[in-house]
Amino acid sequence: MHHEVIARHDRRDALELTHALDATLDRVLGSDPDTPAVLRAAMRHAVLGGGKRIRPRLLLASAEAIQGGPLDDGVAELALRAAVAVELVHAASLVHDDLPCFDDAALRRGRPTVHRAYGEPMAVLTGDALITLAFELLADDDGPHHRRALALVRLLAETTGSGRGIIGGQSLELHPARWDDDRPMAQVEDYHRRKTAALFEFAMKAAAVAVGHGPRVCDSWGSVGTTLGLAFQLIDDLLDLHADETTTGKTTGRDRALARPNGALVEGSPEALTRLAGHIEHVGRRLLELTTRPEPVLRLLDDLDTMLLGLGADEEANETEHRSSDRSPSPRTDRVALVRVA
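Residues numbered from 1 in each chain as written. Predicted model: local features only at pLDDT ≥ 70, side-chain atom pairs only at ≥ 80, totals over all residues. Heavy atoms only, no water.

## Things to note about empty space enclosed by the protein
Consideration 1: Here the structure, examined in full by the defined rule, presents four cavities of 30 Å³ or more.
Consideration 2: By volume, the largest cavity is sized at about 90 Å³.
Consideration 3: Considering the residues around the largest cavity, the lining is formed by 13 residues, among which His45, Ala46, Arg108, Thr113 and Val114 are closest to the centre.
Consideration 4: Listing elements by their share of the lining of the largest cavity, those giving two or more residues are α2 (37–48), α4 (73–97) and β2 (111–112). (1 Å grid on protein atoms, 1.4 Å probe; cavity = no way out; pocket = protein on both sides within 12 Å on 5 of 7 lines; lining within 4 Å. Points joined across faces, edges and corners; volume = space filled by probe spheres on them. Helix = DSSP H or I, 4+ residues; strand = E, 2+ residues; numbered from the N terminus.)

Written out as structure tokens, the structure is:
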């Protein structure tokens with residue numbers, strides 16, 4: 001079990017907890033002597049090989065914003081456990097997404113994907129092991145807020161599962177030809193909401209749970225996370241079309257090659273940028289409405305500026321992507337930044 005891997009401290013803010021995140025991940029992934037060496041190595045390859053830790057950092061920043069200041073030791077420990085758990089589930093989803101039966105990707109975070117480095121069977125087991133470890137870590141919380149930890153276990157199960165979660169979202173990308181052509185973008189967003197935004201929703205909703213709020217406040221923060229997740233997936237869609245592997249650190253062009261649901265392919269890049277700008281504006285507005293101390297989350301979003309990319313798609317390329325040639329492009333690239341996402 002993992003009682004000992006997360007040390008308790010006095011009151012801690014989001015920056016301190018973020019600094020502790022990678023060290024905690026390292027301890028969690030190396031603390032079980034019974035895990036076979038090759039499986040442990042593959043798990044560490046999947047999680048510790050780079051990545052921006054956007055989802056766990058968002059969770060920790062949101063917890064401080066909701067609390068209105070640094071977190072006491074029990075809340076800080078629970079929030080850090082939830083942050084590690086969401087990163088483990090995210091890494092697992094990437095391992096599975098890269099498999100030959102899905103995207104058959106060769107690169108992730110600038111190095112070989114797990115199935116290329118350790119073989120396909122071991123990659124399947126690696127993803128499974130990371131998911132179960134995430135739940136073990138939350139269920140093993142022996143701090144003063146064990147009821148909140150139980151609520152987080154259930155929330156993570158819903159986020160990961162087949163109903164509204166990432167497993168259900170992954171299943172939707174396998175049959176895009178069956179979708180209703182009259183509502184293509186609505187159905188793409190439903191897919192985005194499950195496969196990507198679900199973990200962003202978890203991050204912000206889990207922060208409210210860890211702090212101790214009830215369903216109304218938790219749902220409000222979760223809704224902001226959903227919108228932020230939709231924005232990040234649109235960014236990823238645009239990068240898959242317009243960026244190269246050197247820029248993104250992962251295999252690009254797979255959505256077009258595999259006929260996968262991609263908002264920029266469905267609407268065209270200018271319209272995707274406009275939609276993205278609306279999502280970002282909504283997130284900023286809601287943060288100011290929900291807390292008098294939005295700085296921790298805004299600080300995180302400002303920090304992402306170092307990872308921003310401009311999109312240089314020209315009008316001819318955008319016209320090619322349009323499903324209907326009679327649409328006039330309405331780019332708003334001056335209001336939108338593209339974030340390098342893992």
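## Some points on helix α1 (residues 14–28)
Consideration 1: For α1, built from 15 residues, the straight-helix expectation of 21 Å at 1.5 Å per residue is met to within 8% by its first-to-last C-alpha distance of 20 Å.
Consideration 2: Taken as a whole, α1 carries its principal kink of about 35° at Leu21.
Consideration 3: The set of residues buried in α1 consists of Ala14, Leu17, Ala20, Leu21, Thr24, Leu25 and Val28.
Consideration 4: If you follow the buried residues of α1, they end up packed against α2, α3 (54–67), α4 and α6 (120–139).
Consideration 5: The opening residue of α1 is Asp13, an N-cap whose side-chain oxygen sits 3.2 Å from the backbone nitrogen of Leu15. (Expected span 1.5 Å × (residues − 1). Bend = angle between axes of the 7 residues up to and from the residue. Buried < 20%, exposed > 50% of the residue type's maximum accessible area, 1.4 Å probe, protein only. Contact = heavy atoms within 4.5 Å. Polar contact = N/O pair within 3.5 Å; in protein donor to acceptor, adjacent residues only side chain to side chain.)

## Brief notes about the packing of α4 against helix α7 (residues 146–160)
Consideration 1: α7 packs onto α4 with a crossing angle of 15° between their chain directions and a minimal axis gap of 11 Å. Between α4 and α7, the angle falls in the class roughly parallel. The element α4 and its partner α7 pack so that their crossing is right-handed. Residue-level contacts link Val75, Leu78, Ala82, Ala85 and Val89 of α4 to Arg148, Ala149, Leu152, Leu156 and Thr160 of α7.
Consideration 2: Taken together, the residues of the contact of α4 with α7 break down into eight nonpolar, one polar and one charged. (Axes fitted to C-alpha atoms, helices over the stretch in contact; angles between N-to-C directions. Parallel < 35°, antiparallel > 145°, perpendicular 65-115°, else oblique. Left-handed = near helix turned anticlockwise from the far one by under 90°. Nonpolar A, V, L, I, M, F, W, Y, C, P; charged D, E, K, R; others polar.)

## Considering the side chain of Glu189
Consideration 1: With respect to the helices and strands, the residue Glu189 is situated in helix α9 (residues 184–211).
Consideration 2: Taking the relative accessible area as the measure of exposure, Glu189 reaches 13% and is therefore buried.
Consideration 3: Every residue in contact with Glu189, bar those within four places of it in the chain, is listed here: Leu230, Arg275 and His279.

## Re the confidence of the model for the chain
Regions with low pLDDT carry predicted coordinates that are not meant to be interpreted in detail.
Consideration 1: Chain-level pLDDT for the chain is 83 on average; 82% of the residues reach the 70-or-more range.
Consideration 2: By mean pLDDT, the top-scoring element of the chain is helix α5 (residues 114–118) (98), and the lowest-scoring one is strand β4 (residues 338–339) (38).
Consideration 3: Segment residues 306–342: pLDDT under 50, and 83 contacts once partners within four positions in sequence are set aside and those in other chains are kept. (pLDDT = per-residue confidence, 0-100.)

## Let's talk about the environment of Ala65
Consideration 1: Position of Ala65 relative to the elements: it lies in helix α3.
Consideration 2: With a relative accessible area of 1%, Ala65 lands in the buried category.
Consideration 3: On a C-alpha basis, the gap between Ala65 and Thr292 in space is 8.0 Å, while along the polypeptide they are 227 residues apart.
Consideration 4: Discounting residues that sit within four places of it in the chain, Ala65 has contacts with Trp221, Thr291, Arg293, Pro296 and Val297.

## A few points about the pattern of salt bridges
Consideration 1: For the structure shown, the criterion picks out 19 salt bridges.
Consideration 2: Of the charged contacts, one joins Arg53 and Asp22 as a salt bridge, the two residues approaching to 2.9 Å between their closest N and O atoms. With a gap of 31 residues between them, Arg53 in the loop between α2 and α3 and Asp22 in helix α1 connect regions that are remote in the sequence.
Consideration 3: Residue class for Arg53 comes out buried when judged on its relative accessible area of 7%.
Consideration 4: Asp219 is the partner of Lys205 in a salt bridge, and the nearest nitrogen-oxygen pair spans 2.9 Å. In this pair, Lys205 sits in helix α9 while Asp219 sits in helix α10 (residues 215–242), placing the two residues 14 residues apart along the sequence.
Consideration 5: Through salt bridges that share partners, Asp22, Arg53, Glu87 and Arg109 make up one connected network. (Salt bridge = Lys/Arg side-chain N within 4 Å of Asp/Glu carboxyl O.)

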